[in-house]
Amino acid sequence: MKNLFQTLLLFPIVAMFSSCNNSTISPEPISYTPDGQCTIELLDSKTDEQLDSLRSFCDTIFIRRVVNVYKDTVYDDTIFTGNEKYTSFIYLDRKTDKYDTLTKFTAEKSGESGPCGRVPIYCTLDSSDTQKTFSCTETSTCYMYNLMARDVETAVIRLPDVRLPANSLLCSQPGYRCVVDTVYYDTFHTTLRTIARDTTFLNYGANAWTDYVPAVNAPAFDTAAFRNALDTLDTQNEIFGMDTLLTGYSISVEGLPDWVLDPNKILCPQNDSLVICYKITTKYRPYGVAYTYPTPYTQSRFVLRNNLEAPLEKDTLITWKLKYSYDEGNSFKNNTDSLTITTLFRGLSN
């Protein structure tokens, strides 16, 4: 390895020597021999007295550099310098309706962060049901490397002191000449230093743990349940006698009278009385939901509230529109739509 390092390190110096040889006006001396008494190695350090002694009987002092060239490299041994663990799985991107593969560093615990671009993922496996399932979450934060001066280890390579006249190259001086000897070898023997990479394949490949594929965890909007629950409502009840509706979708209504309070309408005090006003609802995408496979699906109760002072005298049929949208996590096909519903509001006449 040392020889290889020296070879790579001194390629620029070799180029410099070649340049010096090409630019020197004097012809190539015939007295040069690699091990001659007028030859010194490039990395040899000579005192002024030693150089004066050589000049007393050498017309030219040759500064020699040996370059070792290897035709092949053979790794006699392998040393693992580290171990990297990865988790890989296929998931369904419902926005494109296509499958994709994710491979990330494995986090040892939930919420574990990492450098931006290499944030690990933490997965929990569930074998309690008939189908094995899993959920994986990346932390929503990452950090940048902040290298302080004291934390930076700078490698300083020092070459042995070579006698060079001030502001000039030694080989450009009269009485000196730089030469390069190239020695060829068949094989360079060294040790391979590498990092072991271990990947756990959750749902694909020969050793897959399951065939479950996570996706945006939002079922299609249950239109049948809403139509059934809103088909007939009784104005004698506070919430019209509605069945309980649970959904993870955002819902708004259009075309209902003011005495029907949807979730976006509230009673506001004004001039010592209650009037209907609208609640502005901003739904923020849950922090980090894009880094969860599958995405969470949280349901809440939906009702229409009765704001009548007294029940209707007779049955009333109203056709209106219910709009729904799933806006948490990734959007997907048909996640936003509307229903036209006809509701019979029962009055006292029945």
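Residues numbered from 1 in each chain as written. Predicted model: local features only at pLDDT ≥ 70, side-chain atom pairs only at ≥ 80, totals over all residues. Heavy atoms only, no water.

Participant: Please clarify how the nonpolar core should be interpreted in this entry.
Facilitator: A general feature of soluble globular proteins is that nonpolar side chains tend to end up buried together. Judged by nonpolar contacts, the single largest core of 28 residues is most densely connected at Leu230, Met242, Leu304, Trp320, Leu322 and Phe345. Those residues within four positions of Met242 in sequence are excluded, and the remaining contacts are Leu230, Leu233, Phe302, Val303 and Leu304. (Core = buried A, V, L, I, M, F, W, Y, C linked by side-chain atoms within 4.5 Å. Buried < 20%, exposed > 50% of the residue type's maximum accessible area, 1.4 Å probe, protein only. Contact = heavy atoms within 4.5 Å.)

Participant: So what exactly am I meant to see when it comes to the sheet that holds strand S7 (residues 232-234) here?
Facilitator: Two strands in a sheet stick together by hydrogen bonds in their backbones, pointing the same way (parallel) or opposite ways (antiparallel). If you walk across this open sheet you meet the four strands as S7-S17-S16-S9, and the pairing is mixed. Edge positions in the open sheet fall to S7 and strand S9 (250-254), since each of these has one partner strand only. Here the average twist between neighbouring strands, direction ignored, is 35°. The sheet contact formed by strand S16 (residues 316-325) and strand S17 (residues 336-346) spans ten bridges and is antiparallel. Residue pairing in the sheet places Leu317 in a bridge with Leu344 of S17. (Pairing = 2+ DSSP bridges. Helix = DSSP H or I, 4+ residues; strand = E, 2+ residues; numbered from the N terminus. Axes fitted to C-alpha atoms, helices over the stretch in contact; angles between N-to-C directions.)

Participant: Hey, could you run me through the side chain of Thr87 in this one?
Facilitator: For Thr87, the location among the structural elements is in strand S2 (residues 61-93). A polar contact is formed between the side chain of Thr87 and the side chain of Thr106, at a distance of 2.7 Å. For Thr87, the residues in contact, after removing those within four places along its chain, are Leu102, Thr103, Lys104, Thr106, Ile121, Cys123, Thr200 and Leu202. (Polar contact = N/O pair within 3.5 Å; in protein donor to acceptor, adjacent residues only side chain to side chain.)

Participant: Help me out: how do you make sense of the sheet that holds strand S4 (residues 121-126) in this one?
Facilitator: The three strands are arranged S4-S5-S13 in an open sheet whose pairing can be described as antiparallel. One side of each edge strand has no neighbouring strand; the edge strands of this open sheet are S4 and strand S13 (292-293). Pairing of strand S5 (residues 133-138) with S13 involves two bridges; the strand directions are antiparallel. What sits directly across from Cys136, in S13, is Tyr293.

Participant: Honestly, the environment of Thr319 in this entry has me stumped. Any pointers?
Facilitator: Turning to its location among the elements, Thr319 is positioned in strand S16. When its relative accessible area of 49% is taken as the criterion, Thr319 is described as partly exposed. Taking the C-alpha atoms as reference points, Thr319 and Thr342, 23 residues apart in sequence, are found 4.1 Å from one another. Not counting residues within four places of it along the chain, the set of residues in contact with Thr319 comprises Gly255, Thr340, Ile341 and Thr342. At 3.0 Å, the side chain of Thr319 forms a polar contact with the side chain of Thr342.

Participant: Mind showing me how you'd approach unusual backbone geometry here?
Facilitator: One can expect most non-glycine residues to show negative phi and most peptide bonds to be in trans. Note that the residue after Tyr293, namely Pro294, is joined by a cis bond; omega there is -5°. Positive phi is not limited to glycine here, since Phe240 has a value of about 60°. Relative to the helices and strands, Phe240 is located in the loop between S7 and strand S8 (245-247). The class for Phe240 is buried, based on a relative accessible area of 1%.

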